[in-house]
Amino acid sequence: MLNLTDRDLVRATAPILKQHGVALTTHFYARMFQHNPELKQIFNEGNQQSGAQQQALAMAVAAYAEHIDNPSVLAPVLTRIANKHISLGIRPEHYPIVGHHLLASIREVLGAAATDELIAAWAAAYGQLADVLIAEEAQLYAAAAFKSGGWTGWRGFVVAKKVVESSEITSFYLRPADGGAVPDYLPGQYISVRMFVPEWQLMQPRQYSLSDAPGQDYLRISVKREQNQQIIGQVSNLLHSTIEVGDVIDVAPPAGDFVLHTDRSSPVVLISGGVGITPMMAMLQHLHATGTERQVNSIHACRNPEVHAFKQQVQQLTAAKANFAATVFYDQADPAASHHLGPIDLAKLADRVILPDADYYLCGPLAFMQAQIKSLQALGVSGERIHAEAFGTGGVSV
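Here the structure is a predicted model, which means the values were calculated and not measured.

## Side note on the overall build of the protein
Thinking step 1. Along the backbone of the protein there are twelve helices and twelve strands.
Thinking step 2. Taken over the C-alpha trace, the protein has a radius of gyration of 22 Å; the compact-globule value for 398 residues is 21 Å, and the two agree within 12%.
Thinking step 3. In terms of its C-alpha atoms, the protein occupies a principal-axis envelope of roughly 65 × 50 × 40 Å.
Thinking step 4. A total of 398 residues make up the protein; the buried ones form 51% of that total.
Thinking step 5. For the protein, the accessible surface area stands at approximately 17800 Å², while carbon and sulfur atoms represent 54% of it.

Printed below as a string of structure tokens:
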């Protein structure tokens, strides 16, 4: 535990970090990559170039300073970070490198305000945070390694099948190149895929939700092709344009804490936007395969039927079970499709989806997620029943 003096010093920097945190984190990343360029292959270069990663780190550092007296408040966030770290192959030996450049950046950006006492306090605070993350990641690495079919780091997987799901989304069915077993995972989890991006001359990892129920002899990811090929979507577009059946790609083990609560009997409401449907498919197919008696409602929003992935599969799953239902919202009207027009309006569906003790699982772009959380809370749903995953570097707090 930090002593009182160190906590006071760190807490006092929270307002400064909220105001100037992006300048600090931008300096930090530039400094670290200059001195340790080998770490570039761990970080998302697209998020670096767009500034999203700098913004996300600035918010995290400010939140840690603000809650330094009771860092347990941040436990859910740290669990999410630990899962992301093991999917990227971050190990204990990386923490001293990051800490060195973070402390140097605080001194270089804050100037005279960064006294020796303040740097010492932040060194202690960073050490405390590193210890927490290293311990949690050690448990996750061990769990990943010792399960049947498990591993840590990167493992070669063969693309066994490539299936077009919509005008934007294609599924990749992956089997271990070594002929070994496929590990079990929880519906909602993701894997990391690593590819070489010629434009950046870097290996780049990206996370993709597993889009099929566990228990198969393959892992399935369903990837959206992005329109902006300069920054966002480099790896996704390479998967679409260059990877074919028979090719081998690097895969990290399943990870993530956004998962279906399989130990509950409560109703399930799955709310997704765009490619956010991918983890919902794993949940929906798992619930169907296990013959659940839970009431299951799937609500999905996208632009139009052409970009609507898994439309027929969801229709088949919901038609086969009386306790399953699905609702679709399109931004663009289509006379041939059965759907609601416009953004999701949960108030109009309240009689079907606002149910006692229901669990709500949400996935999609950050703005979409924030809107749905706000709607659920306005309809009286408690935060503990809302489980959310935003694609990208931004997180969602309830």
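## Examining the sheet that holds strand β3 (residues 190-197)
Thinking step 1. Pairing in this open sheet of six strands is antiparallel, and the strands run β4-β3-β6-β1-β2-β5 from one edge to the other. Across the chains shown, the open sheet's two edge strands, defined by having one partner strand only, are β4 (202-209) and β5 (219-224). For this sheet the average axis-to-axis angle between neighbouring strands, irrespective of direction, equals 40 degrees.
Thinking step 2. Pairing analysis gives four bridges linking strand β1 (residues 155-164) to strand β6 (residues 248-251), with the strands arranged antiparallel.

## Here we look at the pairing of strand β11 (residues 359-364)
Thinking step 1. In terms of residue burial, β11 counts as a mostly covered element, since six of its six residues are buried.
Thinking step 2. Here β11 shows no split at all, with D359, Y361 and C363 on one side and Y360, L362 and G364 on the other all buried.
Thinking step 3. Both strand β7 (residues 268-273) and β11 contribute to a ladder of five bridges, which runs parallel. Bridge pairing in β11 places L270 opposite Y361.
Thinking step 4. In the classification by handedness, the crossover that spans β11, the intervening helix α12 (residues 366-378) and the parallel strand β12 (residues 386-390) is right-handed.

## Things to note about the environment of S50
Thinking step 1. Relative to the helices and strands, S50 is located in helix α3 (residues 45-50).
Thinking step 2. For S50, a relative accessible area of 42% puts it in the partly exposed group.
Thinking step 3. In sequence terms S50 and I232 are 182 residues apart; their C-alpha atoms lie 8.2 Å from each other.
Thinking step 4. A polar side-chain atom of S50 sits 3.3 Å from the main-chain amide nitrogen of A52.

## Some words on the packing of aromatic side chains
Where two aromatic rings form a pair, the distance of their centres and the angle of their planes describe that pair.
Thinking step 1. Tallying each qualifying case throughout the model produces eight aromatic pairs.
Thinking step 2. Consider the rings of W151 and F157, whose centres lie 5.5 Å apart with planes at 40 degrees: the pair is tilted.
Thinking step 3. Owing to a relative accessible area of 9%, W151 belongs among the buried residues under this scheme.
Thinking step 4. Three or more aromatic residues link up through ring pairs in this structure, and these residues are F28, Y29, F33 and F43.
Thinking step 5. Just above the ring of Y141 sits the side chain of R91; from NZ or CZ to the centre is 3.9 Å.
Thinking step 6. Note that K161 overlies the ring of Y173, its terminal NZ or CZ placed 4.4 Å from the centroid.

## A closer look at the packing of helix α4 (residues 52-66) against helix α7 (residues 116-146)
Thinking step 1. Closest axis-to-axis distance for the α4/α7 pair is 12 Å, and the angle between their directions is 100 degrees. With respect to α7, the axis of α4 lies roughly perpendicular. Every residue of α7 that contacts α4 at V61, Y64 and A65 is listed here: W122, A125, Q128 and L129.

## Quick word on empty space enclosed by the protein
Thinking step 1. By the definition in use, this model includes one cavity of 30 Å³ or more.
Thinking step 2. What lines the largest cavity is I16, L17, H20, G21, L24, V109 and L110.
Thinking step 3. At the level of elements, α2 (14-35) and α6 (94-110) are the ones that each hand at least two residues to the lining of the largest cavity.
Thinking step 4. Looking at which element gives the most residues to the lining of the largest cavity, the answer is α2, with five residues.
Thinking step 5. Grouping the amino acids of the lining of the largest cavity by side-chain chemistry returns five nonpolar, two polar and no charged.

## Looking at the pairing of β7
Regular strands have side chains that alternate between both faces of the sheet.
Thinking step 1. Of all six residues that make up β7, six are buried, and the element is covered over most of its length.
Thinking step 2. Here β7 shows two buried faces, one formed by V268, L270 and S272 and the other by V269, I271 and G273.
Thinking step 3. Pairing of β7 with strand β8 (residues 296-302), which is carried by six bridges, proceeds in the parallel orientation. Within the sheet, the bridge partner assigned to I271 lies in β8 and is I299.
Thinking step 4. Crossover connection from β7 via helix α9 (residues 277-289) to parallel β8: handedness right-handed.

## A short note on the sheet that holds β7
Whenever strands of a sheet pair, they do so through backbone hydrogen bonds, lying parallel or antiparallel.
Thinking step 1. In spatial order, the strands read β10-β9-β8-β7-β11-β12; together these six strands make up an open sheet with parallel pairing. The open sheet is flanked by β10 (340-341) and β12, the only strands paired with a single partner.
Thinking step 2. The strands touched by α9 within the sheet are β7, β8, β9 (324-330) and β11, with β7 carrying the most contacts at an inclination of about 155 degrees.
Thinking step 3. Of the strands in this sheet, β8 and β9 touch helix α10 (residues 311-320), which is tilted by about 150 degrees from β9.

## A short note on the confidence of the model for the protein
Thinking step 1. Averaged over the protein, the pLDDT score is 93; the fraction of residues at 70 or greater is 96%.
Thinking step 2. Contacts for the low-pLDDT stretch residues 393-398, under 50 throughout, to residues beyond four places or in other chains number 14 contacts.

## Quick word on unusual backbone geometry
Peptide bonds are trans in most cases, and residues, glycine excluded, mostly fall at negative phi.
Thinking step 1. The phi dihedral of F310 falls on the positive side, at around 65 degrees, and the residue is not glycine.
Thinking step 2. Relative to the helices and strands, F310 is located in the loop between β8 and α10.
Thinking step 3. On the basis of relative accessible area, F310 is assigned to the buried category, the value being 1%.

## Details of the state of the cysteines
Thinking step 1. According to the stated counting rule, one finds zero disulfides in the structure shown.
Thinking step 2. For C302, which is in no disulfide, the shortest distance to another cysteine sulfur is to C363 and amounts to 14 Å.
Thinking step 3. Take C302: its relative accessible area is 7%, and that puts it in the buried class.
Thinking step 4. Residue class for C363 comes out buried when judged on its relative accessible area of 0%.

Cut-offs and rules
- Residues numbered from 1 in each chain as written.
- Predicted model: local features only at pLDDT ≥ 70, side-chain atom pairs only at ≥ 80, totals over all residues.
- Heavy atoms only, no water.
- Helix = DSSP H or I, 4+ residues; strand = E, 2+ residues; numbered from the N terminus.
- Rg over C-alpha atoms; globule rule 2.2 N^0.38 Å.
- Buried < 20%, exposed > 50% of the residue type's maximum accessible area, 1.4 Å probe, protein only.
- Areas by Shrake-Rupley, 256 points an atom, 1.4 Å probe, with all protein chains shown as cover.
- Pairing = 2+ DSSP bridges.
- Axes fitted to C-alpha atoms, helices over the stretch in contact; angles between N-to-C directions.
- Right-handed = clockwise from strand over helix to strand, strands pointing away.
- Polar contact = N/O pair within 3.5 Å; in protein donor to acceptor, adjacent residues only side chain to side chain.
- Phe/Tyr/Trp six-rings, centres within 6.5 Å; stacked < 30°, edge-to-face > 60°.
- Lys NZ or Arg CZ within 6 Å of the ring centre and 35° of its normal.
- Parallel < 35°, antiparallel > 145°, perpendicular 65-115°, else oblique.
- Contact = heavy atoms within 4.5 Å.
- 1 Å grid on protein atoms, 1.4 Å probe; cavity = no way out; pocket = protein on both sides within 12 Å on 5 of 7 lines; lining within 4 Å.
- Points joined across faces, edges and corners; volume = space filled by probe spheres on them.
- Nonpolar A, V, L, I, M, F, W, Y, C, P; charged D, E, K, R; others polar.
- pLDDT = per-residue confidence, 0-100.
- Disulfide = S-S within 2.5 Å.

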